[in-house]
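Observations on the three-dimensional arrangement
What follows is the residue order along each chain.
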Amino acid sequence: MTEKNKKLSIYILLIAVAALCIFFVREFIFWTSDKTENESVLSQEEISDTTDEQPPADLNPNENVSNNTNESEMIHDEEAVREVLSALSKRDIRVLLYDTNYSSVYHEIIKITSDVDFTIQTKNSIKEYSAGDVVTLTSGTYENDYTVFVKPTDNTGKIELLSVTRAQGIPQYSGFFEITQKEKGLCIVNEVDIETYLYSVVPSEMPSYYPLEALKAQAISARTYAYERMLHSDLKDFNADVSDSSNHQVYNNIEWQETTNRAVDETKGMFMFYGDTLAKTYYYSTSCGIGADEEVWSMSNISYLNNSDISVSGYRQLAVEAGNIQGNSDLLQNSMNYSDETVFREWIELSSLETDSFEKNENYYRWNYTVTVNPDVIYDRIKDRKNNGDGSITCTKDTFVNPGNITNIEVIKRADSGYAMTLSIEGENASYVINGQNNIRYILCNSLSSVVTNNGSLAKCEKLIPSAFFVVTNTMENGIVLEYTLTGGGHGHGVGMSQNGAKNMADMGMSYNDILDFFYQGTMLIEVV
């Protein structure tokens, strides 16, 4: 064996050992608890109809738009990468289950049954139950960290969680349950095969009637995201990899569908990589025609997330840069500085008829939200976010006080892509500076007013305004803000793949590879058999 091969073998062995260590000891990376990583298209009140728009004549939808000209250098050791994935594929994913309405991971009462015979195992006993028997577990019955296992006797059987309701009704789960008594209540972790897990993620994140190529892009993004979280779980305290909420990926809200199962099956073993690591394949519902970047969560090293124009011209620009079509990339380059308030206001107030954005006909491509100002409501919502304790909200007073009559509301800092990073709320008694898009989206939502969407329909807005891509217009009287109107676009955080963008690209004849290359620029699709 040559010295070079010896070194390569040692490297692969070290990677394999590392993977096995990951199997037993999960890394903990702190992520803020209120961050909504994947804001699904299915979280909207309405889904718009598929458009019939066709691609421009000079665009070949089968061309790869990746601007990476030397993909072979991206993966330094492809075999080592495969070793890591192979080790991960030998274990199941562990999903922390929320209660009804996704309000808490702590359950006071858990009612379960199964469509086949099942067992409940504790450290002292194993009890057998017949299919259809109902078992109730109550928080406080057990000492802290006491664990109960619920397992169907047949691998094809499913556990029904009768005490929880989802969009599909009473949810059924493959795999088994691990129920643990915690100080605040009972916690349920569902351990399940990852491909079976994806059967319940893809239809919960994207409507099953969307084009197959969009569903395949969703399946690959969801698979990559799941494996990346298995390597870097933020739920170590619960001995879980992900939750079933939009804090990670929505799981089992919608039952299996034939089209989404097909998308999972036909992309089995496919992952997105950036260099030697799994890409962070975030996604969200709808763009405003522009994507955000890693600044949303003050992260770094994820520059491959598309923050350019999500439009026909944006796609053409990348294709020109990759050399797949003829054109002058300098002429196509978008030079708009969306961090400038005037520039962004002009852009967001454009009619959808004046753009070539992929999603210009989607309900949330543009929206308006008008609120009658109530200083008490604003103060209550500021206090809610202040309790996060991360210093992202500051007050001109030594202590947080009611701002009193509001004299001005304005965005004082925008990201390069235009979304609001810092908001100022000035009052007669005190003024506040709010940082972070989730804080801003929460505080400006009064939970009462409705959003007026692109087609004029009304949509509920109970927790967050649809996105941080908006401008503020204040209605004043005697120096006091009586109401504010947000003119905005998009639905979700804007990072990664727009699901409705993917849908419209697929409708125009583009493949899942085209879609993934566009939204995760510079990444590489690897298939592990």
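Everything below is about the structure printed above this text.
Residues numbered from 1 in each chain as written. Predicted model: local features only at pLDDT ≥ 70, side-chain atom pairs only at ≥ 80, totals over all residues. Heavy atoms only, no water.

Turning to the pattern of salt bridges, a few remarks are in order. Counting across every chain of the model gives 17 salt bridges. Between Lys216 and Glu266 there is a salt bridge; the shortest N-O distance is 3.0 Å. Linking Lys216 in helix H4 (residues 212–231) with Glu266 in helix H5 (residues 258–266), this pair joins segments that are 50 residues apart in sequence. Judged by relative accessible area, which is 10%, Lys216 ranks as buried. Between Asp234 and Arg229 there is a salt bridge, and its shortest N-O distance comes to 3.8 Å. Comparing Asp234 with Arg229 shows no difference in burial state: the two are buried. Each of Glu213, Lys216, Arg262 and Glu266 takes part in one network of salt bridges that share partners. (Salt bridge = Lys/Arg side-chain N within 4 Å of Asp/Glu carboxyl O. Helix = DSSP H or I, 4+ residues; strand = E, 2+ residues; numbered from the N terminus. Buried < 20%, exposed > 50% of the residue type's maximum accessible area, 1.4 Å probe, protein only.)

For the pair helix H11 (residues 499–507) and helix H12 (residues 512–519), interaxial distance at closest approach is 10 Å and the crossing angle is 140°. Between H11 and H12, the interaxial angle falls into the category oblique. Handedness of the H11/H12 crossing: right-handed. When H11 is examined against H12, the residues Gly501, Ala502, Met505 and Ala506 are found in contact with a partner set consisting of Asp514, Ile515, Phe518 and Phe519. Split into classes, the residues belonging to the contact of H11 with H12 amount to six nonpolar, one polar and one charged. (Axes fitted to C-alpha atoms, helices over the stretch in contact; angles between N-to-C directions. Parallel < 35°, antiparallel > 145°, perpendicular 65-115°, else oblique. Left-handed = near helix turned anticlockwise from the far one by under 90°. Contact = heavy atoms within 4.5 Å. Nonpolar A, V, L, I, M, F, W, Y, C, P; charged D, E, K, R; others polar.)

A rise of 1.5 Å per residue sets the reference length of helix H2 (residues 78–89), with its 12 residues, at 16 Å; its end C-alpha atoms lie 16 Å apart and thus fit the reference within 8%. Within H2, the full set of buried residues consists of Ala80, Val81, Val84, Leu85, Ala87 and Leu88. Looking straight down H2, one finds that the buried residues subtend no more than 160° of arc, so they occupy a single side. (Expected span 1.5 Å × (residues − 1). Arc of directions from axis to C-beta.)

Next up on the list: the packing of aromatic side chains. In the structure shown here, the tally under the stated rule is 18 aromatic pairs. Measuring from ring centre to ring centre gives 5.9 Å for Tyr173 and Tyr251, while their planes differ by 55°; the resulting arrangement is tilted. Remark: Tyr251 occurs in the loop between strand E11 (242–243) and H5 and Tyr173 occurs in strand E8 (residues 172–173); sequence separation between them is 78 residues. Summarising the aromatic geometry, the rings of Tyr199 and Trp256 are spaced 5.0 Å apart at their centres and angled 65° between planes, so their arrangement reads as edge-to-face. Highlighted residues: Tyr199 in helix H3 (residues 194–205) and Trp256 in the loop between E11 and H5, separated in sequence by 57 residues. Residue classification places Tyr199 among the buried positions, given a relative accessible area of 17%. Taken together through their ring pairs, the aromatic side chains of Tyr173, Phe177, Tyr197 and Tyr251 make up a single cluster. Against the face of Tyr365 rests Arg366, its NZ or CZ located 4.2 Å from the ring centre. Directly above the aromatic system of Tyr442 lies the positively charged group of Arg385, at a separation of 4.9 Å from the ring centroid. (Phe/Tyr/Trp six-rings, centres within 6.5 Å; stacked < 30°, edge-to-face > 60°. Lys NZ or Arg CZ within 6 Å of the ring centre and 35° of its normal.)

Here strand E5 (residues 135–138) shows a buried face lined by Val135 and Leu137 and an unburied face lined by Thr136 and Thr138. By the bridge criterion, four bridges tie strand E2 (residues 109–114) to E5 in an arrangement that is antiparallel. Of the residues in E5, the one forming a bridge with Lys111 is Thr136. (Pairing = 2+ DSSP bridges.)

Our focus in this paragraph is the sheet that holds strand E12 (residues 270–274). On the basis of which strands lie adjacent, the open sheet formed by three strands has the order E13-E12-E25 and antiparallel pairing. Of all strands in the sheet, those with a lone pairing partner are strand E13 (277–278) and strand E25 (524–527), marking the two edges. Taken together, the two bridges between E12 and E13 define a ladder with antiparallel strand orientation. In the sheet register, Phe273 faces E13, and the bridge partner there is Leu278. On top of the sheet, H4 reaches E12, E13 and E25; it is set at about 65° to E12, its chief contact.

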